[in-house]
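Read off the chains here:
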Amino acid sequence: RRAARALGPLCLGVAPSAKWLRAWQLPDTLAGARRYCEITLAAAGDRLAGFRLQVPFFLRFGAAGLDLLAWYAGQVRRAGGLTLVDAKVGDADDTMDSYAGLYLGPDSVVGGDAVTAHAFLGIGSLEPLFSHATRTGTGVLVLVRTSNHAAGGLQGARSRSGRTLAQTLADDLTRWAEGGGLGSASPAGAVVGARPPESGDLVARLPYGVLELPGLGRSGRSTAEVVEPAREAWQRVMFPITTGILRHGPDLPALRAALAAARADLYQALHH
């Protein structure tokens, strides 16, 4: 909330993929990925509250890629920003402490402020990750409804209660926060990538924790559509944008101008 008030809720997606390295005329090597990272930091390091680090695009370079990921998170932290480590972890509960030690908190390998996770093994499987986040003042953003085209059939499937899987996950996260007496301090947040009216219903079911609402800069989606479900709760929402900014690179002034324009557009949509 403090970061959003100071710098706004825009979040940059950082993706040193082969696609983006080629587009920026950089070699598809560790050196190219590091240069990509340096450029994005120079463009946005002290201008944004949040950075979503897409883990597979770092780890494809092996141990050196993990080092680069940790370096990036450290640079963001020193500039006063927050990092969402987009690793989408999920496994049996006896593995979650290991994931926490890898990604989450100041004493972890990467040092992330939050990590994405999925609950396919049941919401209880994430309990060790939630507990670690509570102790370290970090967050876990559970994939409640993702924005990829293949998600609808599974995440929209209905149970005997009539609720979709996404609605069930949202309700489970809210019960977890209330059951522990954490309320607005709950480290258990959510990723909601649905379009209206589904997005509005899911956000309403998630009154606690940080939310991530993807969709900014995507073809066919307006800024107003993306922000509408969270207009009243924007100070606890991260609005990530990737392609809409990265397509202006590697030119540094162009990247900075694109970020400024995206922030202004988001502000106008939130306060219209």
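Up top is the structure these notes are about.
The model shown is predicted, which means the values in this text are computed figures rather than measured ones. (Residues numbered from 1 in each chain as written. Predicted model: local features only at pLDDT ≥ 70, side-chain atom pairs only at ≥ 80, totals over all residues. Heavy atoms only, no water.)

Asker: For the state of the cysteines, give the residues involved together with the corresponding values.
Answerer: Per the stated rule, a full pass over the model turns up zero disulfides. Of the cysteine sulfurs around Cys-11, a residue in no disulfide, the closest is that of Cys-37, at 15 Å. Judged by its relative accessible area of 0%, Cys-37 falls in the buried class. (Disulfide = S-S within 2.5 Å. Buried < 20%, exposed > 50% of the residue type's maximum accessible area, 1.4 Å probe, protein only.)

Asker: Give me the lowdown on the nonpolar core, citing residues and values where you can.
Answerer: With 75 residues, the main nonpolar core has Tyr-36, Phe-51, Leu-129, Val-140 and Phe-239 as its most contacted residues. What Tyr-36 contacts, discounting residues up to four positions off in sequence, is Gly-13, Val-14, Ala-15, Pro-16, Trp-20, Leu-21, Trp-24, Leu-26 and Leu-246. With seven residues, the next largest nonpolar core counts Leu-84, Ala-114, Leu-141 and Met-238 among its residues. (Core = buried A, V, L, I, M, F, W, Y, C linked by side-chain atoms within 4.5 Å. Contact = heavy atoms within 4.5 Å.)

Asker: Report on the pattern of salt bridges, specifying residues and quantitative values.
Answerer: With the rule as written, the count across this model stands at 14 salt bridges. As a salt-bridge pair, Asp-28 and Arg-60 come within 2.7 Å of each other at their nearest N and O atoms. Of this pair, Asp-28 sits in the loop between α2 (18-23) and α3 (30-44) while Arg-60 sits in the loop between α4 (56-59) and α5 (63-78), placing them 32 residues apart in sequence. Classification of Arg-60 by relative accessible area gives partly exposed; the value is 36%. Where Arg-47 meets Asp-46, a salt bridge forms, and the shortest distance between an N and an O atom there is 3.2 Å. Among the charged side chains, a network of salt bridges with common partners joins Arg-163, Asp-171, Asp-201 and Arg-205. (Salt bridge = Lys/Arg side-chain N within 4 Å of Asp/Glu carboxyl O. Helix = DSSP H or I, 4+ residues; strand = E, 2+ residues; numbered from the N terminus.)

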